[in-house]
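Residues per chain are reported as follows:
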Amino acid sequence: MVNHDYSLDFGDKLLAFLRFVFKNQVEFRHNSLGLYAKMSPLWGGEICEDENLHKTITFPSGSLPINLCNPIVLAAGANKNGKNINAYANLGFGGITIGTATRNFRAGNPLRPRVGLDEFNRLIHNSMGLNNDGIEAISLRVEKQIIKARKNNFAVGISIAEAPGEEEGNRMLHLIETFRIAYRTADYVEVNVSCPNTGVCRQDLDTTFMKNTFEDFENFRKTAVHKKAIYAKLSPDLTDKQLLQLLDLLASLGVDGVVLGNTYPSDKLFYHLPVLNSNGSSGGISGRPIYENTFRKTILAKKHFPQLSIVACGGIDHGLKVRDLLDEGADFVQVYSVLAFRWMAAMKMGREILCPSKS
Ligand SMILES: Cc1cc2nc3c(=O)[nH]c(=O)nc-3n(C[C@H](O)[C@H](O)[C@H](O)COP(=O)(O)O)c2cc1C
């Protein structure tokens, strides 16, 4: 595995300056991503139309193919509410996962700060707690924008999750309703069963929950007019044995693929990150330090379950990393944290894929 690196150009240095200026407003910086996307044509952003980067993901299950104008997709969490989706295509992404959406509006973790950043290790840690407008509002927004996105081969998935903290009786019902609403609209549905920030929704470790949930989704899908891809987003801290057992179960239930993975629970890494807020946690880690784990898990999953679509996610910040992961069998990649450290990161990574000798 090579941890391909990049040298800082003027844009990256400008971004570092902005991080410094707004160093106490990390969440504000994250929220300004939408504005950055909207204004991207001003700094050379454009929809990637290079045919050499185009990817069509097909599924043995017969699910509708996913068309991506390039294999770099914006991961869940960056555009939680489905606003201005098509602006993100101008940042050089091939697609986007909206959400994570829950059945109803959630304010997320009430404690502040909820996001921290480690400059030296190029990592982010967060405990946002699934703040979002609720699936109905989000799905309506996606519906209004998805035709235009599809014309540009900019795929739009919706990430969903059970709402933590709800009454026991409602939890499963709400998840199923959330799935059905997302399924009607999105190109693919990504089920987040690995959020480390809410205390009760690390469902990827609960075999009964996983079986019942994905069985229900599959039964619903059998009755739908169009069969669309379903992905499960798993945690990166699963042991190899846990991961393989889980993939076995998911494959047997007809799930099309997995996203490997979510943020890494910070108490399991060696970084001594400051506690974010009075909940005593440092949140989930994303960014460069988790790349090696992403790479290893991608190889492991593809070797044992070649029929599953693998989406690599975690610490990917260079086009040559994307190429390496595609060579190892990933269908596409998802990225998020790199946007805090590289100016127009997706466009740069696209160019690095196309012209490896210049990287
Ligand atoms: C601030 C922040 C919020 C996130 N919110 C979500 C979320 O709502 N749902 C989800 O599935 N993943 C969420 N993630 C995780 C990312 O989608 C991704 O899995 C993780 O950051 C690893 O990728 P990266 O190293 O490229 O950032 C979030 C990550 C960050 C940094």
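Here the structure is a predicted model, which is why all the values come from computation and not from measurement.

(A) Focus on the overall build of the protein. A tally of regular secondary structure across the protein gives 11 helices and 14 strands. A globule of 359 residues ought to have a C-alpha radius of gyration of about 21 Å, and the protein, at 19 Å, matches this closely. On the principal axes, the C-alpha backbone points of the protein span a range of 50 × 50 × 40 Å. By the burial criterion, 50% of the 359 residues in the protein qualify as buried. Of all intrachain contacts in the protein linking residues separated by at least 6 positions in sequence, the fraction that spans at least 24 positions is 75%.

(B) The site of the ligand, seen in detail. As a structural note, the neighbourhood of the ligand is formed by 27 residues, with Ala75, Gly77, Ser286, Tyr336 and Ser337 the closest of them. Breaking the shell around the ligand down by element, the ones donating at least two residues are β6 (123-126) and β12 (284-287). Here the residues of the shell around the ligand sort into 12 nonpolar, 13 polar and 2 charged.

(C) Fine view of the pairing of strand β5 (residues 115-118). As paired elements, β5 and β6 share 4 bridges and run antiparallel to each other. What sits directly across from glycine 116, in β6, is histidine 125. The antiparallel hairpin formed by β5 and β6 contains 4 residues in its connecting segment, where arginine 122 sits at a positive phi of about 50°.

(D) Spatial organisation of unusual backbone geometry. Cis geometry marks the peptide bond from glycine 99 to threonine 100; its omega dihedral reads 15°. Residue position: threonine 100 is located in strand β4 (residues 95-101). A positive phi angle, close to 50°, is found at asparagine 84, a residue other than glycine. With respect to the helices, strands and loops of the structure, asparagine 84 is situated in the loop between β3 (72-74) and β4. For asparagine 84, a count of 14 C-beta atoms within 10 Å gives the class partly exposed. Despite not being glycine, leucine 130 shows a phi value in the positive range, around 55°. Looking at the secondary structure, you find leucine 130 in the loop between β6 and α4 (135-151).

(E) The sheet that holds β6, seen in detail. Taken together, the 4 strands give an open sheet; going across it, the order is β5-β6-β12-β11, and neighbouring strands pair in antiparallel fashion. Strand pairing shows two members of the sheet lacking a second neighbour, β5 and β11 (264-265), which therefore form its edges.

(F) Structural context of the sheet that holds strand β10 (residues 257-260). Strand order in the closed barrel formed by 8 strands is β3-β4-β7-β8-β9-β10-β13-β14, with parallel pairing between adjacent strands. Neighbour to neighbour, the strand axes of the sheet diverge by 25° on average, direction disregarded. When β4 meets strand β7 (residues 155-160), the two strands line up parallel, connected through 5 bridges. Considered in β7, the bridge of threonine 97 is made with glycine 157. Strands in contact with helix α8 (residues 291-304) are β10 and β13 (309-313); relative to β13, the strand with the most contacts, it is inclined by about 175°.

(G) Inspection of the packing of helix α9 (residues 319-327) against helix α11 (residues 345-354) at higher detail. Taken N-terminus to C-terminus, the directions of α9 and α11 make an angle of 60°; their axes are 7 Å apart at the nearest point. Between α9 and α11, the interaxial angle falls into the category oblique. The hand of the α9/α11 crossing is right-handed. Mapping the contact onto sequence places Gly319, Leu320, Val322 and Arg323 in α9 and Met349, Gly350, Arg351, Glu352 and Ile353 in α11. In terms of residue class, the contact of α9 with α11 is built from 4 nonpolar, 2 polar and 3 charged.

What counts and how
- Residues numbered from 1 in each chain as written.
- Predicted model: local features only at pLDDT ≥ 70, side-chain atom pairs only at ≥ 80, totals over all residues.
- Helix = DSSP H or I, 4+ residues; strand = E, 2+ residues; numbered from the N terminus.
- Rg over C-alpha atoms; globule rule 2.2 N^0.38 Å.
- Buried ≥ 20, exposed ≤ 12 C-beta atoms within 10 Å, placed from the backbone.
- Contact = placed C-beta atoms within 7 Å.
- Near = placed C-beta within 6 Å.
- Nonpolar A, V, L, I, M, F, W, Y, C, P; charged D, E, K, R; others polar.
- Pairing = 2+ DSSP bridges.
- Axes fitted to C-alpha atoms, helices over the stretch in contact; angles between N-to-C directions.
- Parallel < 35°, antiparallel > 145°, perpendicular 65-115°, else oblique.
- Left-handed = near helix turned anticlockwise from the far one by under 90°.

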